Amino acid sequence: QVQLVESGGGLVQPGGSLRLSCEVSRSIFSIYVSGWYRQAPGKQRELVATITSGGVTDYADSVKGRFTISRDNARDTVYLQMNSLKPEDTAVYYCNARYSNYPRKDAWGQGTLVTVSS
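The numbering scheme is per chain: residues are counted from 1 as the chain's sequence reads. Predicted model: local features are reported for residues with pLDDT of at least 70 only, side-chain atom pairs are reported and counted for 80 or more only, and whole-chain, interface and lining totals are derived from all residues. The side-chain quantities take in all heavy atoms of the structure and omit both hydrogens and water.

**Some points on the overall build of the chain**
Short version of the rule: By definition, any uninterrupted DSSP run of H or I lasting at least four residues is a helix, any uninterrupted run of E lasting at least two residues is a strand, and each is numbered from the N terminus. Radius of gyration here uses only the C-alpha atoms, and the compact-globule reference equals 2.2 Å multiplied by the residue count raised to the power 0.38. Accessible area is worked out with a 1.4 Å probe on protein chains only. A residue is then buried under 20% of its type maximum, exposed over 50%, and partly exposed in between. Throughout, a residue-residue contact means that at least one pair of heavy atoms, one from each residue, lies within 4.5 Å. A positive count includes Lys and Arg, and a negative count includes Asp and Glu. His and the chain ends are not counted in either. All charge positions are set by atom: Lys at NZ, Arg at CZ, Asp at CG, Glu at CD.
Secondary structure summary: the chain contains 0 helices and 11 strands in total. What you see in the chain, going N to C, is helices and strands ordered as β-β-β-β-β-β-β-β-β-β-β. Here the C-alpha atoms of the chain give a radius of gyration of 14 Å, agreeing with the 13 Å that 2.2 N^0.38 yields for 118 residues. Looking at the chain as a whole, 44% of its 118 residues are labelled buried. The long-range fraction of contacts in the chain, counting pairs at least 24 apart against all pairs at least 6 apart in sequence, stands at 54%. Taken together, the 13 basic and 10 acidic charged side chains of the chain have centroids lying 2 Å from each other.

**As for the side chain of Arg 38**
Filter applied, for reference: Polar contacts here mean pairs of N or O atoms no more than 3.5 Å apart (in protein, one a potential hydrogen donor and the other a potential acceptor; neighbouring residues in sequence count only if both atoms are side-chain atoms).
Structurally, Arg 38 can be placed in strand 4 (residues 33-39). Side-chain polar atoms of Arg 38 contact the side chain of Asp 89, separated by 3.0 Å. Side chain to side chain, Arg 38 and Tyr 93 meet in a polar contact 2.9 Å long.

**Thoughts on the nonpolar core**
Basically, it comes down to this: Grouping buried Ala, Val, Leu, Ile, Met, Phe, Trp, Tyr and Cys residues that are joined through side-chain atoms within 4.5 Å yields what is termed a nonpolar core.
Grouped together as the largest cluster of nonpolar side chains are 31 residues, with contacts concentrated most on Trp 36, Leu 80, Met 82 and Tyr 93. Elements with a minimum of two residues in this core: strand 3 (18-24), strand 5 (46-52), strand 7 (67-72), strand 8 (77-82), strand 9 (91-101) and strand 11 (112-116). In terms of residues, this core owes the most to one element, strand 9, which gives 5 residues. Once residues within four sequence positions are removed from consideration, Tyr 93 is found in contact with Glu 6, Leu 20, Trp 36, Tyr 37, Arg 38, Val 48, Phe 67, Leu 80, Met 82, Gly 111, Thr 112 and Val 114.

**Quick notes on the environment of Ser 21**
Within the secondary structure layout, Ser 21 lies in strand 3. Relative accessible area serves as the criterion here: at 15%, Ser 21 is assigned to the buried category. Considered as a pair, Ser 21 and Gln 81 are 60 residues apart in the sequence and their alpha carbons are 8.8 Å apart. The residues contacting Ser 21, other than those within four sequence positions of it, are Val 5, Glu 6, Ser 7, Trp 36, Thr 77, Val 78 and Tyr 79.

**Concerning the pattern of salt bridges**
Opposite charge on two side chains permits them to pair, given that their charged atoms come into close proximity. Our working definition: Any carboxyl oxygen of Asp or Glu within 4 Å of a side-chain nitrogen of Lys or Arg constitutes a salt bridge here.
Here the structure, examined in full by the defined rule, presents 6 salt bridges. Here Arg 38 ties to Glu 46 by a salt bridge, and the two come within 2.7 Å at their closest N and O atoms. Judged by relative accessible area, Arg 38 falls into the buried class, the value being 5%. A relative accessible area of 36% means that Glu 46 is categorised as partly exposed. A salt bridge links Asp 89 to Arg 66, with the shortest nitrogen-to-oxygen separation between them at 2.8 Å. Separated by 23 residues along the polypeptide, Asp 89 in the loop between strand 8 and strand 9 and Arg 66 in the loop between strand 6 (57-59) and strand 7 bring together distant segments of the chain. Comparing Asp 89 with Arg 66, the two get one shared label, buried. Through salt bridges with shared partners, one network takes in Arg 38, Glu 46, Arg 66 and Asp 89.

By themselves, these figures tell us nothing about what the structure is for.
Shown next as structure tokens:
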């Protein structure tokens, strides 16, 4: 089993920045893909960004150029740096870790709320 603990959410004004953290309960080298997802009220959960064990990143079009996903291998932590935040970024953000490919197994964090409002 893998546990994920997120932190860093909160209230921020439009144009502001936040950094989300996701601490993984075991060596991050055993995680194939780490990612951040979000779910806004009344909407389906959507992919925000992913990073592979090799450091390859991918982003949703809506956050490209504003968000950056990264990993700190020494701290077994995944980060999501969010800049130039917009009201439409308001959502609960979830950390995800794929720790088995065959069979596929994923772990999810409890979620952290990000609210972008003036």
